[in-house]
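What follows is each chain in one-letter form.
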Amino acid sequence: MDIAQLAEKIVAADRRALARAITLVESSRSDHRQQAASLIEQLRPTGRQALRIGLSGTPGVGKSTFIESFGMMLVESGLRVAVLAVDPSSARSGGSILGDKTRMERLSRHPGAFIRPSPSQTHLGGVARRTREAVALCEAAGFEVVLIETVGVGQSETVVAEMSDLFVLLLAPAGGDELQGVKRGIMEMADLILVNKADGDLKPAATRTQADYAGALRLLRKRPQDPQGFPKAICVSALQENGLSGAWDEMRTLADWRRAQGHFDGRRAAQAEYWFGQEVRQGLLAQLETPTARGQMAALGQAVALGQKTPTMAAKEMLAALATPD
Ligand code: GDP
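Asker: Would you mind going over helix 12 (residues 263-287) with me for this structure?
Answerer: An α-helix turns once per 3.6 residues; consequently, residues spaced three or four apart project the same way. Under the 1.5 Å per step criterion, the end-to-end length of helix 12 is 36 Å for 25 residues, consistent within 8% with the ideal 36 Å. Within helix 12, burial applies to Phe 264, Arg 267, Arg 268, Gln 271, Trp 275 and Gly 277.

Asker: I'm lost on the packing of helix 2 (residues 15-26) against helix 3 (residues 30-43) in this one. Help?
Answerer: The angle between the axes and the distance between the axes are what describe a pair of packed helices. One can describe the packing of helix 2 onto helix 3 by two numbers: an axis separation of 8 Å at closest approach and a directional angle of 125 degrees. Comparing the axis directions of helix 2 and helix 3 gives the class oblique. In this structure, helix 2 crosses over helix 3, and the sense of that crossing is left-handed. Contact residues: helix 2 offers Ala 21, Leu 24 and Val 25, while helix 3 offers His 32, Arg 33, Gln 35, Ala 36, Leu 39 and Ile 40. Considering only residue class, the contact of helix 2 with helix 3 consists of 6 nonpolar, 2 polar and 1 charged.

Asker: Looking at this model, I keep getting lost on unusual backbone geometry. Mind explaining?
Answerer: Backbone torsion omega between Phe 230 and Pro 231 reads -5 degrees, so that peptide bond is classified as cis. Assignment of secondary structure puts Pro 231 in the loop between helix 10 (203-220) and strand 7 (232-235). A positive phi is found at Ala 13, a non-glycine position, where the angle reads about 65 degrees. Relative to the helices and strands, Ala 13 resides in the loop between helix 1 (3-11) and helix 2. On the accessibility criterion, Ala 13 (29% relative accessible area) is partly exposed. Unlike most non-glycine residues, Lys 197 shows phi in positive territory, near 65 degrees. Tracing the chain through its elements places Lys 197 in the loop between strand 6 (192-195) and helix 10.

Reading guide: rules and limits
- Residues numbered from 1 in each chain as written.
- Predicted model: local features only at pLDDT ≥ 70, side-chain atom pairs only at ≥ 80, totals over all residues.
- Heavy atoms only, no water.
- Helix = DSSP H or I, 4+ residues; strand = E, 2+ residues; numbered from the N terminus.
- Expected span 1.5 Å × (residues − 1).
- Buried < 20%, exposed > 50% of the residue type's maximum accessible area, 1.4 Å probe, protein only.
- Axes fitted to C-alpha atoms, helices over the stretch in contact; angles between N-to-C directions.
- Parallel < 35°, antiparallel > 145°, perpendicular 65-115°, else oblique.
- Left-handed = near helix turned anticlockwise from the far one by under 90°.
- Contact = heavy atoms within 4.5 Å.
- Nonpolar A, V, L, I, M, F, W, Y, C, P; charged D, E, K, R; others polar.

And the structure:
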């Protein structure tokens, strides 16, 4: 594959080239990995920057409905919008999130939108790297907004928050007055909480839930990188398309403020450092998975079990062996 030509086409916003490039970054073949790295390197100088919006919420909360109507609003205003997904379950279920073609039907047909399902990978780490690279490709292709969706279960929120400029949490109206078991860590990541389904019979519950979360957010966090009143909780209805432009205004207010304060680039810099650390850790762990290393681990493990070596000594030996592979 001619990487220089592919890069040129991406910069010219050729969608097929973009799709091919994402397939390339998703591949785990080592020659593809090299080509992908070279492609990303060639595209870096474009300096194009999208607003990266992370979006999380439990299944059924209305993520696809929201992305469809919010995305349509953005593309109709002339913005180009890419939608990517990080799906922690794709390894198990063989790809689910965004995999269903009936999701986001209008948006997927719009020439201003580009939708890409989650790569199926066994490791969340692998999905994270591929998604980060896909984000970079979409930016180089001139998309102004990149939505990164994830199902709100476990680790994937952190992954998405660490590659987003803004992190948005979508919630459904709660039945009672309890906070919906949203973990504190996830609340802390959220820049904006959208209580969806604020329509019809659900409207009073949505308003209550919004007030509960607004209160919880006030108690939870004061961050210097936030303007007055953020993080915020507001009501929307993805189905009736209510509150969407308000939500977009909030996102822009926050992004503009962070840009003006230098926090926007600061956050990206901190994220780059975070991902560097993650890649090193993953690389080290991968070294344990080679056949030689597995053999050494098994042999040393047995020696420890037989009382021939202490765990500490055996671990030292193992690490030394990794440091000087033959
Ligand atoms: P996802 O699993 O988070 O992607 O959720 P979906 O977008 O598939 O929505 C789950 C269900 O909630 C569907 O039946 C939607 O029609 C419904 N839904 C989504 N948004 C709204 C909304 O704003 N109001 C109401 N009443 N229902 C909604």
